[in-house]
Amino acid sequence: MKIMLSFFSNGEQTSKHKILPFFIFLATQSLLCSSILSNPVPSSLSNFSKFPGKLSSAATIFSACKHTPYQADCESSLVSFKSINHNNLPKNHKDVFDISVQFTMEKARSARALAYNITLSERKFHAQFNGGGGITDCLELLDDSVDLLAKVMISSRHGYVDGDHGDGDDVHTWLSAALTNQQTCLESLERYRIKDEKGVMEANSQSLSKSVSNSLALYLSSAKPSNPSNGGRRRRRLLSSGNFPTWVSAAERKLLETPVGEIEAHAVVAKDGSGTHMTISEALGASMAGGGGRTVIHVKAGTYHEYIKIPTKQKNVMLIGDGKGKSVIVGDRNYEDGWTTYESATVGAMGDGFIARDITFLNSAGPSKHQAVALRVGSDKSVIFQCSIIGNQDTLYTLSKRQFYRDTDIYGTVDFIFGDSAVVFQSCNIYARKPASTNVKNFITAQGRSSPDQNTGISIHRCKISAANDLAPVKSKYETYLGRPWKQYSRTVIMQSFIDDSIHRSGWSPWSGGFALKTLYYGEYMNSGPGSSTAFRVKWPGCHPSLTPAEAKPFTVGSFIAGDLWLPATGVSFDSGLLG
């Protein structure tokens, strides 16, 4: 009762603009109680007392939970999970994993319902700044997490989590992304202004993060990966030349190489009215009602001042422009003007199978506005080909899942390639721009891996890293680094790339003090150019300035993002392994 009364103890909280609708209030109490109170494991065994002789199943749960980062939560929640009955008592670690995913799914659905109800309250009672101040971000991310967990459950039901059917990498990716989503939600809530709603959503995300982390650890334990040194990734059976995954039609494989004029687009966007739509948003909206399959949208030459969102449910969207600098999508949302980093994106793609070709993505906010994303991608098996991505701080947000960038130019200053996806950049030009002042340092990457169980990281292969035209003449006055650790297990590898002399000879920079220096993984392999010398690189335990071929191979297209299984169907050129 004390918890309920506390909501009405502050006069400010009881004004009509501060009281949540009653259904949100009840949900708030339930979620707060569940996050504050813990069930002692022994009392939780009462759930099994209904099934005489089945206490061995509880022992199975305890045994499996020893492999999880939040063991007490794993034991108490799964032993007392109401969905366990005499028909589905866990007999092995795989069964415990299934129950854990079901439990996590229920928590995700509950969190999504709460976030949705809060957004309704926001629209009715509050003039919250800009995009919802973080709750809207959480709602979108929870939509994605529910979709991911549903796919995990389907794969597990068909026996695919053991890695024998080639879907084990999918499950690992989906659970890694679901964890990233909750971390992103927490980041978006940092500036949220309404205390009670912020508190309950934070508690929700933190609790859900623990459940996803435990499910991810249980998956790795039950699937018995053969190569734990690479974040638990297993060896994959590769498809022979001429064969393609069943989820991609043969007609799609040349979309990235066929001349634009020869492609039959489902929609044509033209500012002069010569197409089917005047804006990209209109074309995307129309395609939502068009059914399944690949949706191809031709964006004719022109500058489009729009903010594009491709939600989780809108899959297989392809945007084709008329070339870099010709078809330009531009926005200027930024952190200083009140937008969350997530919401600042000019283009945000969450639906799986997103492909972009011959387009410039631009955030024109400028360096003084801090975080300002040009392109955010949380789409699995996405491809960015022959594009230009331009901004300053946080230009490219590689949010989550598997991504591939080829022949693409990326410009920025601070942390301008960041996120927590499994991403490979190949044959790309990466340009550091002139910062706002000589007191500001450039950091090319800021990878956000928060758990050692995630299969995420940044791999830069056969690329060119150099100063942009505005920085080149004055590069000696500024410091530019290959990256810094945004999260505890940050992982970035640069291989067989050209690095110019704008890069500081120490190579990498700390984030703050000794944070993550023992747990990060930064590697370099056979790079060239004046900035590639590793003689003066930092001596952190997590840095590996001279990888062996065996150590570098796990970060290639074929191994790191299982590109041999899905990239052939897109038609994009790629190198599966190391060169030479």
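Residues numbered from 1 in each chain as written. Predicted model: local features only at pLDDT ≥ 70, side-chain atom pairs only at ≥ 80, totals over all residues. Heavy atoms only, no water.

As recorded by an unreviewed UniProt entry, the chain carries the name Pectinesterase and is attributed to Ziziphus jujuba. In its Subcellular location (unreviewed entry) section, the UniProt entry covering the chain states "Secreted, Cell wall". (UniProt positions renumbered as here; feature names shortened; annotations may be inferred.)

(A) Region of interest: the overall build of the chain. Helix and strand counts for the chain stand at 12 helices and 26 strands. In the chain, which comprises 580 residues, the proportion classed as buried is 57%. Restricting to contacts in the chain with at least 6 residues of sequence separation, those with at least 24 account for 71%. Summed over all atoms, the accessible surface of the chain reaches about 23300 Å², with 53% contributed by carbon and sulfur. (Helix = DSSP H or I, 4+ residues; strand = E, 2+ residues; numbered from the N terminus. Buried < 20%, exposed > 50% of the residue type's maximum accessible area, 1.4 Å probe, protein only. Contact = heavy atoms within 4.5 Å. Areas by Shrake-Rupley, 256 points an atom, 1.4 Å probe, with all protein chains shown as cover.)

(B) Up close: the sheet that holds strand β12 (residues 388–390). Strand order in the open sheet formed by 8 strands is β3-β6-β9-β12-β15-β18-β21-β24, with parallel pairing between adjacent strands. Since the sheet does not close on itself, it has two edges, and those belong to β3 (302–305) and β24 (498–499), each with one partner. Bridge count between β3 and strand β6 (residues 327–331): 4 bridges; the pairing is parallel. Along β6, the bridge assignment pairs Tyr304 with Ile329. (Pairing = 2+ DSSP bridges.)

(C) Representation of the state of the cysteines. A complete count under the given rule lists 2 disulfides for this structure. Linked covalently through their sulfurs, Cys65 and Cys74 form a disulfide whose S-S length is 2.0 Å. Sign of the S-S torsion, about -70° for the bond between Cys65 and Cys74, identifies this disulfide as left-handed. Grouping residues by exposure puts Cys65 and Cys74 together as buried. Each sulfur in the disulfide pair Cys138 and Cys185 lies 2.0 Å from the other. (Disulfide = S-S within 2.5 Å.)

(D) Region of the structure containing the pattern of salt bridges. Applying the stated criterion across every chain yields a total of 24 salt bridges. Of the charged contacts, one joins Asp98 and Lys94 as a salt bridge, the two residues approaching to 2.8 Å between their closest N and O atoms. With Asp98 and Lys94 both in helix α6 (residues 93–125) and 4 residues apart, the pair spans about one turn of that helix. For Asp358, the salt bridge is made with Arg357, and the minimal N-O distance between the two is 2.6 Å. Exposure remark for Asp358: the relative accessible area of 10% places this residue in the buried category. Take Arg357: its relative accessible area is 6%, and that puts it in the buried class. Linked through salt bridges whose partners overlap, the residues forming this network are Asp169, Asp170, Asp380, Lys381 and Arg402. (Salt bridge = Lys/Arg side-chain N within 4 Å of Asp/Glu carboxyl O.)

(E) Quick look at the packing of aromatic side chains. A full pass over the atoms with the stated rule returns 10 aromatic pairs. Here Tyr411 and Tyr431 contribute two aromatic rings whose centre-to-centre distance is 4.8 Å and whose plane-to-plane angle is 25°, an arrangement assigned as stacked. Of the two residues, Tyr411 sits in strand β15 (residues 409–412) while Tyr431 sits in strand β18 (residues 429–432), which places them 20 residues apart along the sequence. With relative accessibility at 16%, the residue Tyr431 sits in the buried group. Between Phe443 and Tyr481, the aromatic rings sit 5.9 Å apart at their centres with planes inclined by 20°, giving stacked as the arrangement. In this pair, Phe443 sits in strand β19 (residues 442–447) while Tyr481 sits in strand β22 (residues 480–483), placing the two residues 38 residues apart along the sequence. (Phe/Tyr/Trp six-rings, centres within 6.5 Å; stacked < 30°, edge-to-face > 60°.)

(F) Geometry of the sheet that holds strand β23 (residues 491–495). One open sheet accounts for 11 strands, arranged β1-β2-β5-β8-β11-β14-β17-β20-β23-β25-β26; its pairing is parallel. The open sheet has two edge strands with one neighbour each: β1 (267–269) and β26 (543–544). The pairing of strand β8 (residues 355–357) with strand β11 (residues 382–385) spans 3 bridges and is classified as parallel. The partner of Ile355 across the bridge, within β11, is Val383. Seen against the sheet, helix α10 (residues 280–287) touches β1, β2 (295–299) and β5 (317–321) and runs at an angle of roughly 165° to β2. (Axes fitted to C-alpha atoms, helices over the stretch in contact; angles between N-to-C directions.)

(G) Expanded view of the nonpolar core. One finds Leu78, Phe97, Leu175 and Met201 to be the most contacted residues of the largest nonpolar core, which totals 55 residues. Counting only elements with at least two residues in this core, the list comes to α4 (55–65), α5 (71–79), α6, α7 (135–157), α8 (168–188) and α9 (195–223). Element by element, the count of residues in this core is highest for α6, at 11 residues. Aside from chain neighbours lying at most four places away, what touches Met201 is Leu114, Ala115, Ile118, Ile135, Cys138, Leu142 and Leu189. Core analysis: the next-biggest nonpolar cluster, separate from the first, contains 54 residues, Val377, Cys387, Ile389 and Ile417 among them. (Core = buried A, V, L, I, M, F, W, Y, C linked by side-chain atoms within 4.5 Å.)

(H) Highlighting the packing of α5 against α9. One way to put it is that α5 packs onto α9 with a least axis distance of 10 Å and a crossing angle of 95°. As summarised for this structure, α5 and α9 are arranged roughly perpendicular, according to the angle between their axes. Between α5 and α9, the contacting residues are Asp73, Cys74 and Leu78 on the first element and Lys210, Asn214 and Leu218 on the second. Per-class residue counts for the contact of α5 with α9 are 3 nonpolar, 1 polar and 2 charged. (Parallel < 35°, antiparallel > 145°, perpendicular 65-115°, else oblique. Nonpolar A, V, L, I, M, F, W, Y, C, P; charged D, E, K, R; others polar.)

(I) Here's a closer look at the UniProt feature "active site" (unreviewed entry) in the chain. UniProt's feature table lists "active site" (unreviewed entry) at Asp415, given in the numbering used throughout. Among the secondary structure elements, Asp415 is positioned in strand β16 (residues 414–419). Excluding its chain neighbours within four sequence positions, the residues that come into contact with Asp415 are Asp394, Phe443, Ile444, Thr445, Ala446, Arg484 and Trp511.

(J) Fine view of α9. Between the first and last C-alpha of α9 there are 42 Å, a value that for 29 residues agrees with the 42 Å anticipated at 1.5 Å per step. The buried fraction of α9 amounts to 22 of the 29 residues, a majority that puts the element mostly inside the structure. (Expected span 1.5 Å × (residues − 1).)

(K) Up close: unusual backbone geometry. Of note, the phi angle at Asn316 is positive, near 60°, even though the residue is not glycine. With respect to the helices and strands, Asn316 occurs in the loop between β4 (308–310) and β5. Judged by relative accessible area, Asn316 falls into the partly exposed class, the value being 28%. Of note, Asp415 is a non-glycine position whose phi angle comes to about 50°, a positive value. Overall, the relative accessible area of 5% leaves Asp415 in the buried class.

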